[in-house]
Amino acid sequence: MLLYFIKRLFLFIPTLFIITLFVFALLQFSGGDPALNALERSYQESYDISNDARKIRAYRKSNNLDLPTFYFSVQRLSSCDTLYRFPFAAERSRAEALAYATGDWSLIARLDDEIKKRLNREQSDTKASHLLMEILTAKSITQIEASFAQLSLTERNDGLDELVNELNCNHWRIKNYIPTIRFHGISNQYHLWLTEILNGNFGNSYIDRLPVSIKIKEALPITLIISLCALLIALCIAIPLGIYAAYYQNGWLDKICSQLFFTFYALPTFWVATLLVVFFGAGDFLEWFPVYGIGNPPEEANLLEKFKIYSAHLALPIFCYLYGGLAYLFRHIRRSTLEELKQDYITSAMAKGLSIHAILWRHSFKKSSFPLITILGSALPALISGSFVIEYIFSIDGMGLLMLEAFFSRDYPMILSLLLLGAVLTLFGMWLADLLYSFADPRVEIDDSKKYHKG
Amino acid sequence: MQSNQRSFTHLFRALLLMLIFINLIACIPESQDDKSNLLNKIIMREAADAKSLHPLTVRDAVGFKVALFMYQSLVNIDYESQSLVGVVAKGEPQIDSLPKQIYKLTYQLRPEAQFDNGRQIEAADILFSLKYYLAPFTFNRDNRDYYQFIDSVKINKNNSTAISFYTHQLNSRTKFISGDFFILPYESFDPNRILSNYSISDLKQLVKTDSLPNLLQLEQHTDSSIKNASIQDLKGSGPYSLLNWEKGKRIQLEKKSNWWASNLNEQSVYFQNKANQLQIEIIPDETTALSALKSGDIDVLQGLSPKNYEKLQSDSSRFLTYEMEKRGYQYIGFNMNHPILQEKELRKAIAYICPLKIIVDQVYYGKASISSVPYVSATTSNEDQYAHNLQKAKNLLESIDWKDVDNDGLLEKEINGELVELELEFLYNTSNDSRAAIGMILKQEAKKVGIKINVQSVEWSIYLERLRNGNTTLFYYGAQTAPLPPDFSSLFHSKSAFGGRNFAQYQSIQADSLIAIINKNISVDKRDKIVKAFYGLIQDELPYYFMLTPYELIATSKKVKGLRIYSDRPYYWASELYK
Amino acid sequence: MSLKNIYRQKRFGILVISIWILVAILAPILAHSPNESNYFLPPLIPYGEQTIDYKNAQSVSPFETQNVNSLYRRHWLGTDELGRDVLAQLIHGSNTALLVGFCSILIASFIGIFFGLIAAFFGDHQWKITRGKLLSSLLSVILLFTFLLSIVPWTIEGVNTSEKAILTVVFIIFTLLFFYISNFLMKRYRSRIFQQNILIPLDSILSRLIESMEALPLILLLIAFSSLISPSISSLILMISLVAWSGIAKFTRAEVLRLKSSNYIENAKSLGYGDFRTMIKHILPNALPTLSVSIAFAISSAIMLESTLSFLGLGLQASDASWGALMASARNDYSSWWLAVFPGIAIFLVVYSCNSIADFISKDDHSGYSKRT
């Protein structure tokens, strides 16, 4: 049995590896460009129009974004092999569209080179340079030909007309349908990221260039405190109520608790949080709780005062965190207690004269707590990911806000590190839950290899 | 019976515990309300934290706002007169034309200007600050690009309060941007005086610091200071010093006790420091911020939405409210490469469909002003050229052959041999309710003339990418502008089209030449005439339909006095406030 | 007494669900703007879900005097910020809730139950296939993915949909041909090597797959998805089903593992029943009661998820009415209680009915324990 769990522990590494691959692929698909986001965040206007392109190129270079994503890529034979070098998404989509339309990227590449040479020779702001720019930004062959037709005869010669005519020569465009594997070697984003991670360097966030580990270290404690407190309080409320509701099935306790917790479940968190802030915090109604934040106790305050300030500020967020899960916990405990109470050993315990409390807590709770183990195991990653909604409304800078901001600004180092952390915790949580479950309930056969060994 | 009793006791025990817990919490020590009164502290709310407060990397709005209290530059724009006012310098630079197309800008420094340690700010300090901004650090690229127009700097050995910049690029904005870098004390930023070994041209030519070990050391020192957000290194000559920065929670600034400019009799905002302490609280959600204002946790709330502003306005016994038109623009853009949008009659028809007055009244509660040009000045007319008129729209559409061929309420036309339906997509970024409302109103009005508009929202990164990629049809965008001479190149020049900020992909040779003339350093009258002609061209071709600028809405508690609201960022100056 | 209660609950639940489905299907007819669409019946509510009433904008309450011409045009449940009628939005929103809640979880349940069932039933040591078949199926799956992901021009501009569809169909046929031909070839030549049976640890593989799905945060998947396909109802359904199947699969697997060791299954095996028959006819019906509770919870979570997504900005478009979007807009405007209360009641009723039906199916022992002694 133990061997099975140790084997599973070893399977962590390949699973994590596959998860990181998948996440990398997903990030590529998500679109959005961190360089563009960084550009938008800057504040200065300036006259130099070509600045944008230069800044984006420099940003991509310094953050290794102009390297291929993985060791190899599978593409059409006709597609552009250096697609990752184009800084703008517009250029990339143009390259793809033209490569597909002509059936061969090399034709387009030669055409582009020739046009760039001519643009360097020409003066800017002439009709010819405008038309050449139009060709350089055209997305279909018809547009290229239309712009080309407007060029005067002198500009058309020197091989340009041959290049444009060649664009249409592939009728079948066979290369479009043949896959090929292109190898990029070691200098690719995944490899660089992996080596950095294995050296313990999680990179710097794109948003403010702070090291990712420092940002996570600052945001983690408050999220953990809120989640752990919420979990503990939820357990303290749901377990006794669930057990007694099961015992007095359909009594007033059962009915009230079920309905109440169910109503709680049906209320969305963001709405309840705002309502609590407005009604219990602001000046219009009651001012029982502070409105936002986690409190700012002065340096000299002793431990009790600090605790009072923090707990006053965190009471509402913790409540918002736990009220939704109460229904789920309550139902599970109630159901499993009901199942246990049907068993024969309970009747025999009652016959022996044990008080009902001893039975409920000492005997049936132990058995009915098994689903709790699975729930707690899967709750492990949720502990650190926090709830974005609660943190946004109560202005608590925790992991939820960190994660959402990272996702929306395409902050790749932060996203990958957070995902790695979450994946490790999820795998570990499930493993731990299965382990504890198998110890708690020896009847369950998680590892059934012995059954099928041919004797 | 016994068991029932026991369960009741357990329940009551639990309830009692909860009540005790709540009581503990409810008796919190009384809030900072009283304390802030005593200290003359102004508490402001911002929706996001400053990303960096280091002068080289301060970029975002909040960081810049705080930096303006910590550091000072040579000159800056006075918000009331819209002209330059000298901060560390006495006034505007004197511009001399030298032979071979070289221009010299000379600044005279104020003799009373000092750093915190009492040392007078001299020309050498200006030179050091400029060198710092031009240093070849990897994170300093934006600054190097911005200031690369300064060729060299000369200091007169006999006169330490004058400094001259030499440049060969003089345009209408040069005198504004040549003096807007922060003046920094070398004791905090370059204690070993490494930069004094290099001249401006040396630094501009270097690309990286790898080859020079002492520059590399300075780069690493600066980098770690930025990354650790170490407050003690951030010193400047401004009215406030940084007391405390809890990332994501609050920023605290404290008034300097012997600031050099406190005795100056100038009224410009750059010389005010009335409040003793300035505190910025970071509250992302507006509803929570509103509750914080009502409970007295914050004093100043800016960037209000019109609906919340009206609520606070009606509660005038507790709050003071201010409103002012912002300097900026918002537009509906047309992708000129889209096959349907290539005819200007269609664009004009869509402009006629858009009911601006209804939008201003309903979506912005009247708190927006209609402005049909991007840079408003005294001489430009502000009327809506395309006031809501469905009949004119229908006539225009008919004139370019859009007809309802199959009687389904939607117009069709033959383009390139195919029958195309008049269906357009209106793109905006998510979580922006006013833009969603504008899209929905436009959709409803467009249906009345037979145009189908799909209102589509995408998240911010995708939105930016689609705008730059030209993967749009109709799109809504807006920006704030600076109180500088207008720069139309980013919006209208053909070079900004593919991948730049000319999201409409507008390419017109006539517009390009007009822009080139406007950007030269010509007199204000000449410029206004050409700008008027330019606006005439733009409003006829309509690559963008400029609609409105919303007001800046600020509410404060009754205790805060002295607030004046301006049209430009930061819209009010906290250093003018006091209690 | 208690049994009657359950039946009453179940009847109430079924009533609510049927009203919900009816309203959702009839929504375009019940509430539309008379001058915009041409149905032969006049609508019950003369407002569509996108009809903006300029004279009653900025959240008019249902109780105050409204600027309307007649009682027929009155906004019975008030209007929202833009001037859209709340009742019309509730009616059309039931459509969205039905699709987003019901359909997505239905799809997720199919996928989840299937995977959970085979993972638990076959375990690690039961499923054997021949080496040849394994090789050919792996190769054809790789081939199919290569073709579909890299060769079919999904994201290229200027390629019309028919070309993509034709290419997809051609490649699928090609892959199937490859599969059969390779099978045939392996049977003819070197049959002994390829006919050996290998054990496939199905449970481990599927469990790792489920774990990996759980490890990915929802938001990343949503963001990636929403940038590939512009957000709409169908993309939301797809997203939610792709995310929810792993939870259902985990639950199914746990249930089936528990049931597998019971007596009647062993009897079925000794009687010689085939695998699939045992699974579908014996295990599945006994697993469904417990599963129905988690499926009901999943439906409720899906509907609630939609409102949280509207809050984040990843939800439906502004032109799609939904209960979640109404509640999200109610947050900023908390004094307009009608924007939150009515959709809240609707969500609550739907969630409650789903769960009471699930309760009924789950065959709780309703007689109670404390009465027994």
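This text goes with the structure placed above it.
This text gives an overview of the structure that appears in the document. (Residues numbered from 1 in each chain as written. Chains lettered and ligands numbered in written order. Predicted model: local features only at pLDDT ≥ 70, side-chain atom pairs only at ≥ 80, totals over all residues. Heavy atoms only, no water.)

**Section: the overall build of chain C**
Then step 1. The helix and strand inventory of chain C stands at twelve helices and two strands.
Then step 2. Starting at the N terminus and walking to the C terminus, you meet the elements of chain C as α-α-β-α-α-α-β-α-α-α-α-α-α-α.
Then step 3. The globule rule puts the C-alpha radius of gyration for 373 residues at 21 Å, and the 26 Å found for chain C is more than 25% above it.
Then step 4. Its C-alpha atoms give chain C principal-axis dimensions of roughly 85 × 75 × 40 Å. (Helix = DSSP H or I, 4+ residues; strand = E, 2+ residues; numbered from the N terminus. Rg over C-alpha atoms; globule rule 2.2 N^0.38 Å.)

**Regarding the sheet that holds strand 4 (residues 94-98) of chain B**
Neighbouring strands of a sheet are bound in pairs by backbone hydrogen bonds; such pairs are parallel or else antiparallel.
Residues and elements named next belong to chain B.
Then step 1. Overall, antiparallel pairing links the four strands, which are arranged 4-5-7-6 in an open sheet. Of all the strands in the sheet, the pair left with one neighbour each is strand 4 and strand 6 (152-155). On average, each strand axis in the sheet is tilted by 25 degrees relative to the strand beside it, whichever way the strands run.
Then step 2. The strands touched by helix 4 (residues 123-134) within the sheet are strand 6 and strand 7 (162-167), with strand 7 carrying the most contacts at an inclination of about 35 degrees. (Pairing = 2+ DSSP bridges. Axes fitted to C-alpha atoms, helices over the stretch in contact; angles between N-to-C directions. Contact = heavy atoms within 4.5 Å.)

**Description of the interface of chain A and chain B**
Then step 1. In this complex, chain A contributes 77 residues to the contact, which on the side of chain B involves 79 residues.
Then step 2. At the boundary of chain A with chain B, the tally comes to seven salt bridges.
Then step 3. In this structure, the salt-bridge partner of Asp223(B) is Arg209(A), at a minimum N-O distance of 2.9 Å.
Then step 4. One can count 14 residue pairs in polar contact (both at pLDDT 80 or more) joining chain A with chain B.
Then step 5. Considering each element in turn, the side of chain A that touches chain B owes the most residues, seven residues, to helix 4 (residues 51-62) of chain A.
Then step 6. Residue composition of the side of chain A that touches chain B, by class: 34 nonpolar, 22 polar and 21 charged. (Salt bridge = Lys/Arg side-chain N within 4 Å of Asp/Glu carboxyl O. Polar contact = N/O pair within 3.5 Å; in protein donor to acceptor, adjacent residues only side chain to side chain. Nonpolar A, V, L, I, M, F, W, Y, C, P; charged D, E, K, R; others polar.)

**What to know about the sheet that holds strand 13 (residues 328-334) of chain B**
Residues and elements named next belong to chain B.
Then step 1. Spatially, five strands are ordered 18-17-19-13-20 in an open sheet, and the strand pairing comes out mixed. Each having just a single partner strand, strand 18 (452-458) and strand 20 (544-546) make up the two edges of the open sheet. The mean angle between the axes of side-by-side strands here comes to 25 degrees, regardless of whether they run parallel or antiparallel.
Then step 2. Pairing of strand 17 (residues 423-429) with strand 18 involves seven bridges; the strand directions are parallel. Following the sheet pairing, Asn-429 is matched in strand 18 by Val-458.

**Here we look at the environment of Pro290(A)**
Then step 1. Mapped onto the elements, Pro290(A) comes out in the loop between helix 14 (269-280) and helix 15 (303-341).
Then step 2. Along the backbone, Pro290(A) and Ala315(A) are 25 residues apart, and their C-alpha atoms lie at a distance of 9.3 Å.

**Looking at the interface of chain C and chain B**
Then step 1. Between chain C and chain B, the residue contacts involve 25 residues of the former and 28 residues of the latter.
Then step 2. With both sides pooled, the region where chain C packs onto chain B buries about 2,300 Å², and carbon together with sulfur makes up 44% of that total.
Then step 3. Area buried by chain C at its contact with chain B is led by Tyr54(C), Gln58(C) and Tyr334(C), which between them contribute 25% of it.
Then step 4. Our count for the chain C to chain B interface comes out at three salt bridges.
Then step 5. As a salt-bridge pair, Lys307(B) and Glu81(C) come within 3.3 Å of each other at their nearest N and O atoms.
Then step 6. On the surface where chain C and chain B come into contact, there are eleven residue pairs in polar contact (both at pLDDT 80 or more).
Then step 7. For the side of chain C that touches chain B, the elements supplying multiple residues, two or more each, are helix 7 (218-228) and helix 11 (323-332) of chain C.
Then step 8. Counted by class, the side of chain C that touches chain B contains nine nonpolar, eleven polar and five charged residues. (Buried area = accessible area lost by both parts, 1.4 Å probe.)

**Some details on the environment of Tyr54(C)**
Then step 1. If you trace the backbone, Tyr54(C) turns up in the loop between helix 1 (2-30) and helix 2 (86-122).
Then step 2. Spatially, the C-alpha atom of Tyr54(C) lies 9.7 Å from that of Asn67(C), the residues being 13 residues apart in sequence.
Then step 3. Ignoring anything within four residues of it in the chain, the contact list for Tyr54(C) reads Ile358(B), Gln362(B), Ile441(B), Gln444(B) and Glu445(B).
Then step 4. Here the side chain of Tyr54(C) touches Glu445(B) through a polar contact of 2.6 Å, side chain to side chain.

**Describing the side chain of His92(C)**
Then step 1. Assignment of secondary structure puts His92(C) in helix 2.
Then step 2. Once residues lying within four places of it in the same chain are set aside, the contact partners of His92(C) are Ala27(C), Pro28(C), Ala31(C), Glu49(C) and Ala321(C).

**Structural notes on the packing of helix 10 (residues 275-312) of chain C against helix 11 of chain C**
Residue and element names in this part refer to chain C.
Then step 1. Their axes nearest at 8 Å, the elements helix 10 and helix 11 cross at an angle of 50 degrees. Classified by the interaxial angle, the pair formed by helix 10 and helix 11 is oblique. Seen along the crossing, helix 10 lies across helix 11 with a hand that is right-handed. Contact with helix 10, carried on its side by Glu-306, Ser-307, Ser-310 and Phe-311, involves Gly-324, Ala-325, Ala-328 and Arg-331 of helix 11 and no other residues of that element.
Then step 2. Grouping the amino acids of the contact of helix 10 with helix 11 by side-chain chemistry returns three nonpolar, three polar and two charged. (Parallel < 35°, antiparallel > 145°, perpendicular 65-115°, else oblique. Left-handed = near helix turned anticlockwise from the far one by under 90°.)

**Some thoughts on unusual backbone geometry**
Residue and element names in this part refer to chain B.
Then step 1. Going from Arg-569 to Pro-570, the amide bond is cis rather than trans, its omega being -5 degrees.
Then step 2. If you trace the backbone, Pro-570 turns up in the segment after strand 21 (548-557).
Then step 3. Positive phi, close to 55 degrees, is recorded for Tyr-365, a residue that is not glycine.
Then step 4. As for its position among the elements, Tyr-365 is in the loop between helix 13 (356-362) and strand 14 (368-370).
Then step 5. According to the relative accessible area criterion, Tyr-365 is buried, its value standing at 11%. (Buried < 20%, exposed > 50% of the residue type's maximum accessible area, 1.4 Å probe, protein only.)

**Let's talk about the packing of aromatic side chains**
Then step 1. In the structure shown here, the tally under the stated rule is 85 aromatic pairs over all chains.
Then step 2. A centroid spacing of 5.7 Å and a plane angle of 25 degrees characterise the contact between Phe128(B) and Tyr132(B), whose relative ring orientation is stacked. With a gap of four residues between them, Phe128(B) and Tyr132(B) both fall in helix 4, about one helical turn apart.
Then step 3. Overall, Phe128(B) belongs to the buried group, its relative accessible area being 6%.
Then step 4. When the ring of Trp337(C) is compared with that of Phe342(C), the centres are 5.9 Å apart and the planes differ by 50 degrees; the resulting orientation is tilted.
Then step 5. Accessibility expressed as a relative area gives 34% for Trp337(C), which makes it partly exposed.
Then step 6. Over the ring of Tyr186(B) we find Arg193(B), and its NZ or CZ is 3.7 Å from the ring centre.
Then step 7. Sitting over the face of the ring of Trp76(C), Arg74(C) holds its NZ or CZ atom 5.8 Å from the ring centroid. (Phe/Tyr/Trp six-rings, centres within 6.5 Å; stacked < 30°, edge-to-face > 60°. Lys NZ or Arg CZ within 6 Å of the ring centre and 35° of its normal.)

**Some words on a negative patch on the surface**
Residues and elements named next belong to chain B.
Then step 1. Side chains of Asp-406, Asp-408, Glu-421 and Glu-423 sit close together on the surface and give a patch of like negative charge.
Then step 2. With respect to the element layout, Glu-421 can be found in strand 16 (residues 418-421).
Then step 3. For Glu-421, a relative accessible area of 31% puts it in the partly exposed group. (Patch = residues over 30% accessible without salt bridge, like charges linked within 9 Å, V, L, I, M, F, W, Y side chains within 5 Å. Areas by Shrake-Rupley, 256 points an atom, 1.4 Å probe, with all protein chains shown as cover. Lys, Arg positive; Asp, Glu negative; His and termini not counted. Charge placed at Lys NZ, Arg CZ, Asp CG, Glu CD.)

**Overview of the packing of helix 21 (residues 412-440) of chain A against helix 6 (residues 202-215) of chain C**
Then step 1. Packing of helix 21 of chain A against helix 6 of chain C brings their axes to within 9 Å, and their N-to-C directions diverge by 135 degrees. Judged by the angle between their axes, helix 21 of chain A and helix 6 of chain C are oblique. Here helix 21 of chain A and helix 6 of chain C pass one another in a crossing that is right-handed. Contact residues: helix 21 of chain A offers Ala423(A), Thr426(A), Leu427(A) and Met430(A), while helix 6 of chain C offers Glu211(C), Glu214(C) and Ala215(C).

**Re a nonpolar patch on the surface**
Then step 1. A contiguous nonpolar surface patch, about 700 Å² in accessible area, is contributed by Ile21(C), Leu22(C), Ile25(C), Leu26(C), Ile29(C), Phe40(C) and Leu41(C).
Then step 2. By the element assignment, Leu26(C) lies in helix 1.

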